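Below, each chain spelled out in residue letters.
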Amino acid sequence: MTSTLPAVARGEGSPTLEAFRVTQNLVNTAVPAVADIAVVEVSDSVLCEHTALSGVCEGIGFRRAAFRGVRRPGCAYRIGEACPVPSGTPYRHSLRDLRPHIVSPIPARARWLARDPVRAAVMRENGVHSLMVVPLTVNRVVLGLVALYRRRGSSPFRQADLRAAAKLAGQAARILDAVRRDVQEQGMGRRFQQALLAPPPPRLTAIEEVSGHVPENGTPGGWFDVIRLPSARVGLVAGFCGGHGITAATAMSQQKARIRALAVQSLDPSEVLTRGLEPPAHEPDAQAPVSPAGHCVYAVYDPVTRRCTAARTSQARLTVVDADGAQSVGASAQEPDSSATCDVTEFDVPPGSLLALSSPSPQEQHHTVPGAQAHSDRTDPEIGLPHRTATSVVTLTARTRATAPTDIATWDLSNEPSAVADARAQAAAQLTSWGLPDLSFTVALVVSELVTNAIRYSTGPIQLRLIRDHVLICEVADTSRAAPHAGQPAPSEQGGRGLSIVNHLAQGYGTRYTPSGKIVWTELSLCES
């Protein structure tokens, strides 16, 4: 008697589901060709990432993975349920010596039946008189156990049956071993992913009640980040890279680093997303696989203007929940997926609104375990068989806050030298009203330099703005696109040191561009006050 296990296509689904598919194919092939009842129990090292990574062989548990029988037999354990393998039984003997065994006939008063009362009761109920146990092993690694039974009215198992069962078990074991390696790789990738996820975000004026979620199952390519930006703004990102295991986790870490590096340069969200999702350059002979860019959404919220600018790929989502209810931001969810473009939108955000960013896994799809429909009433809801839907989505939520109007001071300045003195005087008066007179000298130097540069290198209107946050933010906006840079004057030169002085006095300074020009900003510590 010969039987061959049908080929199982390796898909993008969960490795755990792959194990259930393989074992279900095994019992479908074995019944009725080899046995009246076929049962497969799979080691936790095939189903559990933690167990697969531990490398421990002794004491590993087993779960019922597949069952099939003729004439509606009873079943000792449900699909997905943990099933013990007591010592002193043929099942345990087969796992110890890694060899198949035939027990025929089964003595009615055999001692091992008392050691395994659950299986013994079902065997008596089904009239089982012949048992064959075959371990699922590859390179002496135990992956599972196949138990085949013949009921009253069928002939006992013979050596030809044992050879046919061993062939089926060998085919299934090779596939299960590949599944186990997949689970190991997924586990390693997930550990890498957890180590690279964003730490708890710092306390920011712009947002509160920040919460991020990365799915525990699925590929380890999901990530989120909260990025502190200049001028009290904040960047929120949620993304999901394609790939598998370590490849997905590595792609995730690279994508996160690129987007953060671009975001802190105060680039437009659309440019951050377009450049951040570009795959890294590889040498022509590089062997490392390139993961798909995946999906991502990046939003910048400004608590001063109470506006949000967001860019997203087609499958990523941004939802705003305000007093009027939830509303999706951007184009329709049914738009076609295109990695070449991203949807960009800008909108007002009332204080207290909830920003919800979500990005699905590129591998998200629906999975069904073949052949399990016949026993759907015995399905374990925790395992989700026979039907399971994989919905791997990264989410990031944050509630917005607004900077109080009393913490913002703005002045429009004329583009002429006399405006420098006016800017210094107005800034000093504002600092006094805020109870920060000790910062007046430092702010006067910074304001003088930034306003002087704006007058010298631009021709349009100039605006000065002070923002009292956890630091004092000083901004000067003008119509020029040229960014200032610190010079290197000779010791004998009297000028050219302004920006070097600003750099020394400020915690940080930089330039961000606007549609009408640029904004030069500085952040000064409040500790001096």
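These figures come from a predicted structure and were not determined experimentally.

A. Molecular detail of the sheet that holds strand S12 (residues 325-328). Pairing is antiparallel across the open sheet formed by five strands, whose spatial order is S6-S17-S14-S11-S12. Since the sheet does not close on itself, it has two edges, and those belong to strand S6 (207-213) and S12, each with one partner. Sheet twist, expressed as the mean angle between neighbouring strand axes with direction ignored, is 15°. The pairing of strand S14 (residues 354-360) with strand S17 (residues 393-400) spans seven bridges and is antiparallel. Note that in S17 the partner of Ser358 across the bridge is Thr395.

B. Examining the packing of helix H7 (residues 159-196) against helix H8 (residues 245-263) more closely. Interaxial distance between H7 and H8 falls to 7 Å at its minimum, and their mutual angle equals 20°. In terms of their interaxial angle, H7 and H8 are classed as roughly parallel. Here H7 and H8 pass one another in a crossing that is right-handed. Facing H7, whose interface residues are Glu185, Gln186, Met188, Gly189, Phe192, Gln193 and Leu196, H8 presents Gly245, Ile246, Thr247, Ala249, Thr250, Met252, Ser253 and Lys256. Taken together, the residues of the contact of H7 with H8 break down into six nonpolar, seven polar and two charged.

C. Inspection of the packing of aromatic side chains at higher detail. For the structure shown, the criterion picks out one aromatic pair. Measuring from ring centre to ring centre gives 6.2 Å for Tyr91 and Trp112, while their planes differ by 80°; the resulting arrangement is edge-to-face. Of the two residues, Tyr91 sits in helix H4 (residues 90-97) while Trp112 sits in helix H5 (residues 111-115), which places them 21 residues apart along the sequence. With a relative accessible area of 11%, Trp112 lands in the buried category.

D. Structural context of the nonpolar core. Of all hydrophobic cores here, the largest spans 59 residues; its most connected members are Tyr91, Leu131, Leu136, Leu148 and Tyr149. For this core, the element with the highest residue contribution is H7, accounting for 11 residues. Ranked by size, the runner-up nonpolar core spans 45 residues in total, among them Leu204, Ile207, Leu236 and Ala311.

E. Spotlight on helix H10 (residues 418-433). Here H10 spans 24 Å end to end across 16 residues, near enough to the 22 Å set by a 1.5 Å rise per residue. When H10 is considered as a whole, its buried residues turn out to be Ala419, Val420, Ala423, Ala427, Gln430 and Leu431. Along the axis of H10, the buried residues cluster in a sector spanning 105°; they form a single face. Facing away from the buried side of H10 by more than 90 degrees, the exposed set consists of Thr432 and Ser433.

F. View of the confidence of the model for the chain. Of all residues in the chain, 81% attain a pLDDT of 70 or more, and the chain-wide mean is 82. Of the regions scoring below 50 in pLDDT, residues 1-12 engages in 34 contacts with residues more than four places distant in sequence or in other chains. Confidence drops under a pLDDT of 50 for residues 331-340, and excluding neighbours within four residues, the segment shows 13 contacts in the predicted structure.

G. Broad picture of the side chain of Arg151. Relative to the helices and strands, Arg151 is located in strand S5 (residues 141-151). Of the side chains with opposite charge, Asp36 comes closest to the buried, unpaired Arg151, at an N-O distance of 5.9 Å. A distance of 2.9 Å separates the side chain of Arg151 from the backbone oxygen of Asn126, its partner in a polar contact. Setting aside chain neighbours within four positions, we find Arg151 in contact with Asp36, Ile37, Val70, Arg71, Pro73, Asn126, Gly127, Val128 and His129.

H. Structural context of the packing of H10 against helix H11 (residues 440-457). For the pair H10 and H11, the least separation of the axes is 9 Å and the interaxial angle reads 145°. The chirality of how H10 crosses H11 is right-handed. Residues Ala419, Val420, Ala423, Arg424, Ala427, Ala428 and Leu431 of H10 pack against Ser440, Val443, Ala444, Val447, Ser448, Val451, Thr452 and Ile455 of H11. When grouped by side-chain class, the residues that make up the contact of H10 with H11 number 11 nonpolar, three polar and one charged.

I. Up close: the layout of surface pockets. Roughly 780 Å³ of internal volume is contained in the second largest pocket. Arg233, Asp268, Arg512, Tyr513 and Thr514 are the residues nearest the centre of the second largest pocket, which is lined by 30 residues in total. Every element with two or more residues in the lining of the second largest pocket is listed here: helix H9 (269-276), strand S9 (295-302), strand S10 (307-312), strand S13 (343-348), strand S19 (462-468), strand S20 (472-478) and strand S21 (508-514). With four residues, the single largest contributor to the lining of the second largest pocket is S21.

J. Region of the structure containing the pairing of strand S11 (residues 317-322). Summarising the sheet, S11 and S14 pair through five bridges and their orientation is antiparallel. The partner of Leu318 across the bridge, within S14, is Leu357. As judged from the four bridges shared by S11 and S12, these two strands associate in the antiparallel manner. When the bridges of S12 are listed, Thr319 appears paired with Ser328. The loop that links S11 with its antiparallel partner S12 comprises two residues.

K. Main features of the pattern of salt bridges. Counting across every chain of the model gives 21 salt bridges. Glu41 serves as the salt-bridge partner of Arg64, at 2.8 Å between the closest nitrogen and oxygen. In this pair, Arg64 is assigned in strand S2 (residues 62-69) and Glu41 in strand S1 (residues 37-43), connecting sequence segments 23 residues apart. Glu41 carries the same exposure label as Arg64, and that label is buried. Put simply, Arg78 and Glu81 hold a salt bridge, and the shortest N to O gap is 3.6 Å. On the accessibility criterion, Glu81 (26% relative accessible area) is partly exposed. One network of salt bridges, with partners in common, ties together Glu41, Arg64, Asp116 and Arg119.

L. Representation of empty space enclosed by the protein in the model. Using the criterion set out here, one finds four cavities of 30 Å³ or more in the structure. Taken as a whole, the largest cavity holds about 120 Å³ of empty space. Elements that contribute at least two residues to the lining of the largest cavity include exactly S1, S2 and helix H6 (117-126). Looking at which element gives the most residues to the lining of the largest cavity, the answer is H6, with four residues. Considered class by class, the residues forming the lining of the largest cavity number nine nonpolar, two polar and two charged.

M. Examining unusual backbone geometry more closely. Cis geometry is found at the peptide bond from Val31 to Pro32, where omega equals 5°. Here Pro32 shows up in the loop between helix H1 (15-30) and S1. Residues Ser104 and Pro105 are joined by a peptide bond in cis, for which omega reads -5°. Here Pro105 shows up in the loop between strand S3 (101-103) and H5. A positive phi angle, close to 55°, is found at Leu98, a residue other than glycine. Note that Leu98 resides in the loop between H4 and S3. Despite not being glycine, Ser266 shows a phi value in the positive range, around 60°. Summarising the element assignment, Ser266 is placed in the loop between H8 and H9.

Cut-offs and rules
Residues numbered from 1 in each chain as written. Predicted model: local features only at pLDDT ≥ 70, side-chain atom pairs only at ≥ 80, totals over all residues. Heavy atoms only, no water. Pairing = 2+ DSSP bridges. Helix = DSSP H or I, 4+ residues; strand = E, 2+ residues; numbered from the N terminus. Axes fitted to C-alpha atoms, helices over the stretch in contact; angles between N-to-C directions. Parallel < 35°, antiparallel > 145°, perpendicular 65-115°, else oblique. Left-handed = near helix turned anticlockwise from the far one by under 90°. Contact = heavy atoms within 4.5 Å. Nonpolar A, V, L, I, M, F, W, Y, C, P; charged D, E, K, R; others polar. Phe/Tyr/Trp six-rings, centres within 6.5 Å; stacked < 30°, edge-to-face > 60°. Buried < 20%, exposed > 50% of the residue type's maximum accessible area, 1.4 Å probe, protein only. Core = buried A, V, L, I, M, F, W, Y, C linked by side-chain atoms within 4.5 Å. Expected span 1.5 Å × (residues − 1). Arc of directions from axis to C-beta. pLDDT = per-residue confidence, 0-100. Lys, Arg positive; Asp, Glu negative; His and termini not counted. Salt bridge = Lys/Arg side-chain N within 4 Å of Asp/Glu carboxyl O. Polar contact = N/O pair within 3.5 Å; in protein donor to acceptor, adjacent residues only side chain to side chain. 1 Å grid on protein atoms, 1.4 Å probe; cavity = no way out; pocket = protein on both sides within 12 Å on 5 of 7 lines; lining within 4 Å. Points joined across faces, edges and corners; volume = space filled by probe spheres on them.

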